[in-house]
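Structure at a glance
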Amino acid sequence: MKHVKLKFFIGIVLLLATVMTSCTTTAENEVEANYEVLVRIDVSQVITEQAIDPNNEDFLKVYHAAIVSRNESNSNFVDVFFEKCDSIFPNRNYIEYFKVNIELANDDSNKGVKKYFLDKRKELTKPFVKALSDRLKEFGVVRAELIDKEDRVKVGVVEDVEEVYMARLIMSNAKVQFLEVYETYNVTGLWYELEQLSSQEVGQANDIDSSFDDSDLVSSEMDYIQKFGSAFKVNALHKESVDRFLNSSEVKGVLPEKLKFMWSKNQVKNEYGNLDGYILYPCKFLRNGKARVDQDDIDKANFGSNSETGEFIVNIEMTQKGSEKWAAMTGENAGRIIAICLNDLVISAPMVLSAIHGGYVDISDDFTEDEAKEIASLFSIGNLPLPCLFVGVKKL
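All values derive from a computational prediction rather than experimental measurement.

1. Regarding the overall build of the protein
Check the secondary structure of the protein and you find 13 helices and 15 strands. The 396 residues of the protein split such that 39% are buried. Once local pairs closer than 6 in sequence are excluded, the contacts in the protein between residues at least 24 apart make up 66%. For the protein, the exposed area adds up to about 22500 Å²; of that, 50% sits on carbon and sulfur atoms.

Below you can see the structure in the form of structure tokens.
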């Protein structure tokens, strides 16, 4: 019996020693941040989205005063907004400004309303903090957190940070869309109606710049649009006027809900290597205005070069869900082009031969090395979920 107790005691001692050694090792190996990156976020949408009328005179008076105060003090916008409510309109119930939902109906006192928006602020900022951490992972992120009393996020990183590069990395956003393209014969049925509109004087009712001379629009814009393969081409000299015409309220009223014309980012070259105009793609959107495949479906992107041709390419790897959507989309569009867009401009429009499985996509379009590198970076980082402003970096 004594031997059993002795063995049990020795076992406990060894276990404790192991745990203590493990804890010591963790403490010794814990990485500390050498720099702190500071970013200010704009959470004002948490207030405006819930407002009954964001253009109400009293609401705007409070809102603008809160914006000014927040900018001067870096304070939490929600706190500042309700402070301004109290100072500008004393004794007014906060709930008068906002649409009532189930949560607000449970407690519509001023205290309850303020708590509701503070909670919403935390919900809104959590995905931002995570997205920002992911974006800065190359610098070795140690911690990332919202400063509770301020609309600012601080990120502790290990690696040395160059401020200009950091600012560009944080402020860059990427709207990525993979769009089906209508066959031109599906669109040319609209040409008669568009030609009729193009031959009319649009007048002040149009959604165009007031400095634009309406007489330039008479019997001209549709003549500038030429069929070009599976899309259309417009001379660079006429791109601006054609764009304004296609974005006029009259034209938008004629176009199908799912159709939107997208411009190529760069001009194409003719057989002599000269710039020969921009391509206009008639693209198909979902009813909600989104692309069938977008940045949410991308896992990561890198740049490289084609071993045979030497041209620079962007390699994209999609998420599992994105891979499935991409396979379905390419399978349904075999023999057609798909427009790959970055920030509403088509950067490549490859012809699809058959369904593409596995979620891997290579994009090429006569990119320079720097262009391929930048595009890959933008495809990887996507969009941050909140507007933000880079404040600076300090050494710890």
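2. Describing the pairing of strand E7 (residues 259-263)
Counting buried residues along E7, four of its five residues qualify, which places the element largely inside the surrounding structure. As defined by bridge partners, E7 adjoins strand E8 (residues 278-284) across five bridges and the pair is classed as antiparallel. From the neighbouring strand, Lys260 faces E8, where its bridge partner is Cys283.

3. So, the sheet that holds strand E1 (residues 35-41)
Strand order in the open sheet formed by four strands is E2-E3-E1-E15, and the pairing between neighbours is antiparallel. With one partner strand each, in any of the chains shown, strand E2 (141-147) and strand E15 (388-395) form the two edges of the open sheet. Pairs of neighbouring strands in the sheet enclose a mean axial angle of 20 degrees, with direction left out of account. Taken together, the six bridges between E2 and strand E3 (residues 152-157) define a ladder with antiparallel strand orientation.

4. Section: empty space enclosed by the protein
By the definition in use, this model includes one cavity of 30 Å³ or more. Approximately 60 Å³ is the volume attributed to the largest cavity. Only strand E14 (360-367) and helix H13 (369-381) provide two or more residues apiece to the lining of the largest cavity. Split into classes, the residues belonging to the lining of the largest cavity amount to three nonpolar, one polar and three charged.

5. Section: the layout of surface pockets
In this structure, the largest pocket occupies an estimated 1000 Å³ of space. Of all the secondary structure elements, the ones that give two or more residues to the lining of the largest pocket are helix H6 (110-135), helix H7 (163-171), strand E10 (298-305) and H13. Here the residues of the lining of the largest pocket sort into eleven nonpolar, seven polar and eleven charged. Considering only enclosed or pocket space, the second largest pocket measures out at about 480 Å³ in volume. What lines the second largest pocket is a set of 23 residues, and nearest its centre among them are Asn266, Gln267, Val268, Tyr281 and Asp365. Of the residues that constitute the lining of the second largest pocket, the class distribution is twelve nonpolar, six polar and five charged.

6. Considerations on the environment of Asn56
For Asn56, the location among the structural elements is in the loop between helix H2 (45-48) and helix H3 (57-73). For Asn56, a relative accessible area of 33% translates into the label partly exposed. C-alpha separation for the pair Asn56 and Tyr97, spaced 41 residues apart in sequence, amounts to 8.9 Å. Within the structure, the side chain of Asn56 is placed 2.9 Å from the backbone nitrogen of Asp58, a separation counted as a polar contact.

7. A closer look at the nonpolar core
In this structure, Val37, Phe81, Phe82, Phe98, Phe178, Ile316 and Phe379 are the most contacted members of the largest nonpolar core, which totals 70 residues. Residues within four places of Phe379 in sequence aside, it is in contact with Val176, Phe178, Ile298, Ala301, Ile316, Ile340, Leu342, Ile347 and Ile363. The next biggest cluster of nonpolar side chains, apart from the first, holds 19 residues, and it includes Met222, Leu259, Trp263 and Tyr278.

8. A few points about H6
The end-to-end C-alpha separation of H6 is 38 Å, in line with the 38 Å expected for 26 residues at 1.5 Å each. The sharpest bend along H6 reaches about 25 degrees and sits at Thr125, with the proline Pro127 one to four residues further on. Residues of H6 that are buried include every one of Gly112, Val113, Tyr116, Phe117, Arg121, Thr125, Phe128, Val129, Leu132, Ser133 and Arg135, and no others.

9. Quick look at the packing of aromatic side chains
Counted according to the given criterion, the structure contains 15 aromatic pairs. Considering the side-chain rings of Tyr63 and Phe77, the 5.8 Å spacing of their centres and the 70 degrees angle between planes classify their relative orientation as edge-to-face. Placement of Tyr63 in helix H3 and of Phe77 in helix H4 (residues 77-88) is noted, with a sequence separation of 14 residues between them. Here the two residues Tyr63 and Phe77 agree in accessibility, since each one is buried.

10. Some words on the sheet that holds E10
An order of E10-E11-E14 is seen for the three strands of this open sheet, with the pairing classed as antiparallel. Edge positions in the open sheet fall to E10 and E14, since each of these has one partner strand only. Each strand axis lies, on average, 20 degrees off the axis of its neighbour in the sheet, ignoring direction. Running over the sheet, H13 touches E10, strand E11 (312-318) and E14 and is turned about 170 degrees from E10.

11. Here we look at the side chain of Thr125
Tracing the chain through its elements places Thr125 in helix H6. Thr125 sits in the buried class, given a relative accessible area of 3%.

12. Some points on the packing of H4 against H6
Across the interface, H4 lies against H6 with an axial gap of 9 Å and an inter-helix angle of 155 degrees. One way to sum up the angle between H4 and H6 is to call them roughly antiparallel. Like other packed secondary-structure pairs, H4 and H6 cross with a definite hand, here right-handed. From H4, Val78, Asp79 and Phe82 reach across to H6, where they touch Val113, Lys114, Phe117, Leu118 and Arg121. Of the residues belonging to the contact of H4 with H6, the class tally is five nonpolar, no polar and three charged.

About the thresholds
Residues numbered from 1 in each chain as written. Predicted model: local features only at pLDDT ≥ 70, side-chain atom pairs only at ≥ 80, totals over all residues. Heavy atoms only, no water. Helix = DSSP H or I, 4+ residues; strand = E, 2+ residues; numbered from the N terminus. Buried < 20%, exposed > 50% of the residue type's maximum accessible area, 1.4 Å probe, protein only. Contact = heavy atoms within 4.5 Å. Areas by Shrake-Rupley, 256 points an atom, 1.4 Å probe, with all protein chains shown as cover. Pairing = 2+ DSSP bridges. Axes fitted to C-alpha atoms, helices over the stretch in contact; angles between N-to-C directions. 1 Å grid on protein atoms, 1.4 Å probe; cavity = no way out; pocket = protein on both sides within 12 Å on 5 of 7 lines; lining within 4 Å. Points joined across faces, edges and corners; volume = space filled by probe spheres on them. Nonpolar A, V, L, I, M, F, W, Y, C, P; charged D, E, K, R; others polar. Polar contact = N/O pair within 3.5 Å; in protein donor to acceptor, adjacent residues only side chain to side chain. Core = buried A, V, L, I, M, F, W, Y, C linked by side-chain atoms within 4.5 Å. Expected span 1.5 Å × (residues − 1). Bend = angle between axes of the 7 residues up to and from the residue. Phe/Tyr/Trp six-rings, centres within 6.5 Å; stacked < 30°, edge-to-face > 60°. Parallel < 35°, antiparallel > 145°, perpendicular 65-115°, else oblique. Left-handed = near helix turned anticlockwise from the far one by under 90°.

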